[in-house]
Amino acid sequence: MKKLVSAVCVSSLILGACSQVTTSAQTMPSEANNTGVEEVAEVNGPSIVEVKKLLWEVAVEKGIPPEILKAVAQTESAMKQFNADGSPFISPDGGIGLMQITLTAAQIEQGLYDIERLKTDTRYNIEVGADILLEKKSFDLPLINENDPTTIESWYFAVMAYNGLSKRNDPQEGKSAYQERVFDEIRNRSGLYLLETPAVEINYPDPDRPELMSFPDKSYQWDEMSTQSTQLLSKGDTAYTYNHVYTYSNMRDAADGEVSGKALHYTPLQIVDGPFESTNEANHYVFYQVKGNGIEGFISSGNLIKGDVMIFPDIEDPDTAAAVAFLQQRQIINGYPDGTFKPTNQLTRGQAAAMLTRALDLPLPDGYVMKATDMSPDSDYYDEMLLMEAHGLMGKGGELRPHESLKRAQIASILARAYDHVYGEAATNIEFSDVNEAEEAYASINLLANNDIVDAGAFRPWENVTRAEFSLFVKLTIEKEERK
């Protein structure tokens, strides 16, 4: 068994300022407290904003997610390098400064590190702590998923080792394990949604060192646990809004400013400037200046996910922009080669077939042969239309007519058949001003209205459906499916 001993030890200082954070482990930090907070500099030391900037800079330079390094610093010292009187902060067990660097007598004698700089130079203290963490990452520890260093979970065992591979950090012993406290800091202060850590197998095989952990499994596959850092965005990058707490994200008039609006989930945005550290001591997330379809301002990193989304210049409606980005992320819809989306264009049957077959991932039944008389293998949308006909979603009249526009009543009927496994039964007959219950289209339209896909009132059943309308219908439907 490889002996897991580092050249530098890190103290086990108990979590410092966590009591200031009262949100639960799975909720984002409240943004209600991050306005008008006066920044207070420590005597002879950097302010909390400057400390967070240093942590971010060093993390980026070293290839560590900033959320990780900030949370380690918070857990070790509450980001404290100096005491109130300006003297270096040294814990009772000898941990030095912000990252709580502890040196053995031999290390001090060898002069491996500059002790005075560890005490007085905040950046140097952070750099040494970051190097220790990187050293731990290189140990023979279990790997998480693809061991992508840009994901938070991949650092789980390195963070554990930063404090020590002893029984006190066995996650089966409870939430007091060091790495669990660090991950809670990320949840509460950086605004990232991290699932609870799955069970890991830990043994204690060395009778001479009964507290020392050993890991029989050298890799774990933790599904849905590859959370990317949201503090690595740069000017020009695109991202979309999302969080697991609310149905929207707050837009602000400045970093730590007043709420100026709300952005729906999946609103596509471009990074204009940033990141900017929050002046609130409790917050580890950063702010970015952003712009999108009829929206601009500042938003916290905890509300952003980097993604390859287009901000189409011809989309003005924020609901449509969010719906299109939602479908883009699922490879269901795209724009035109000229960079536009053409939201008001009429949707053709072929275009609807292309999007729905991708959304539904429809298989072709073995041996199925096209029955429509207006299609041949070289026809536009042949493969998509073949699938739609095979599953009874189009072509009941013997023709598929791929270039013909779809009416709103027709798309309601198609969606009702395609997503009968998603929609709940209609609990009531909803009244429409332009569709009566005797009409053939009513049942499908009423089903969609009962499932909150369309609104009551005027449905306009015989108007052509637009690309924007179809995007909204499919987005709402898939969201309903994913919630099941």
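The structure this text deals with has already been given above.
Presented here is a report on the structure given in the accompanying data block.

Calculation rules
- Residues numbered from 1 in each chain as written.
- Predicted model: local features only at pLDDT ≥ 70, side-chain atom pairs only at ≥ 80, totals over all residues.
- Heavy atoms only, no water.
- Axes fitted to C-alpha atoms, helices over the stretch in contact; angles between N-to-C directions.
- Helix = DSSP H or I, 4+ residues; strand = E, 2+ residues; numbered from the N terminus.
- Parallel < 35°, antiparallel > 145°, perpendicular 65-115°, else oblique.
- Left-handed = near helix turned anticlockwise from the far one by under 90°.
- Contact = heavy atoms within 4.5 Å.
- Nonpolar A, V, L, I, M, F, W, Y, C, P; charged D, E, K, R; others polar.
- Phe/Tyr/Trp six-rings, centres within 6.5 Å; stacked < 30°, edge-to-face > 60°.
- Buried < 20%, exposed > 50% of the residue type's maximum accessible area, 1.4 Å probe, protein only.
- Lys NZ or Arg CZ within 6 Å of the ring centre and 35° of its normal.
- Salt bridge = Lys/Arg side-chain N within 4 Å of Asp/Glu carboxyl O.
- Core = buried A, V, L, I, M, F, W, Y, C linked by side-chain atoms within 4.5 Å.

Looking now at the packing of helix α1 (residues 48–62) against helix α5 (residues 122–137). One way to put it is that α1 packs onto α5 with a least axis distance of 10 Å and a crossing angle of 40°. The orientation of α1 relative to α5 falls into the category oblique. The two elements α1 and α5 meet at a crossing, and its hand is right-handed. Here Val-51, Leu-54, Leu-55, Glu-57, Val-58, Glu-61 and Lys-62 of α1 come into contact with α5, specifically with Thr-122, Arg-123, Ile-126, Glu-127, Ala-130, Asp-131 and Leu-134. For the contact of α1 with α5, the per-class residue count stands at seven nonpolar, one polar and six charged.

What follows is about the packing of aromatic side chains. For the structure shown, the criterion picks out 16 aromatic pairs. Taking 5.5 Å as the distance between ring centres and 25° as the angle between the ring planes, the aromatic pair formed by Tyr-246 and Tyr-248 counts as stacked. Tyr-248 sits in the partly exposed class, given a relative accessible area of 25%. Lying across the ring of Tyr-124, Arg-117 places its NZ or CZ 4.1 Å from the centre. Positioned above the aromatic ring of Phe-326, the side-chain terminus of Arg-330 is 3.7 Å from the ring centre.

With that settled, consider the pattern of salt bridges. A side chain of one charge can pair with a side chain of the opposite charge if their charged atoms are brought near each other. Throughout the structure, instances matching the rule amount to 18 salt bridges. Across the pair Arg-123 and Glu-127 runs a salt bridge, and its minimum N-O distance is 3.2 Å. One end of the pair is Arg-123 and the other is Glu-127, both in helix α5 and four residues apart, which spans about a single turn. Under the relative-accessibility criterion, Arg-123 is labelled partly exposed at 23%. The residue Lys-218 makes a salt bridge to Asp-140 at a minimum N-O spacing of 3.8 Å. In this pair, Lys-218 sits in the loop between α7 (178–190) and β4 (219–220) while Asp-140 sits in the loop between α5 and β3 (143–144), placing the two residues 78 residues apart along the sequence. A single network of salt bridges, built from pairs that share partners, joins Glu-57, Glu-61, Arg-123 and Glu-127.

Turning next to the nonpolar core. Formed by 58 residues in total, the largest nonpolar core has its most connected members in Leu-356, Met-394, Ile-411, Leu-415, Tyr-419 and Phe-470. Secondary structure elements with two or more residues in this core: α8 (318–329), α9 (349–360), α10 (382–390), α11 (408–418), α12 (442–450) and α13 (467–483). Per-element tally for this core: the top contributor is α11, with seven residues. Discounting chain neighbours no more than four positions away, the residues touching Phe-470 are Leu-347, Ala-352, Met-355, Leu-356, Ile-411 and Val-465. If you look at the next biggest cluster of nonpolar residues, it comprises 53 residues, including Ile-144, Val-182, Met-213 and Trp-222.

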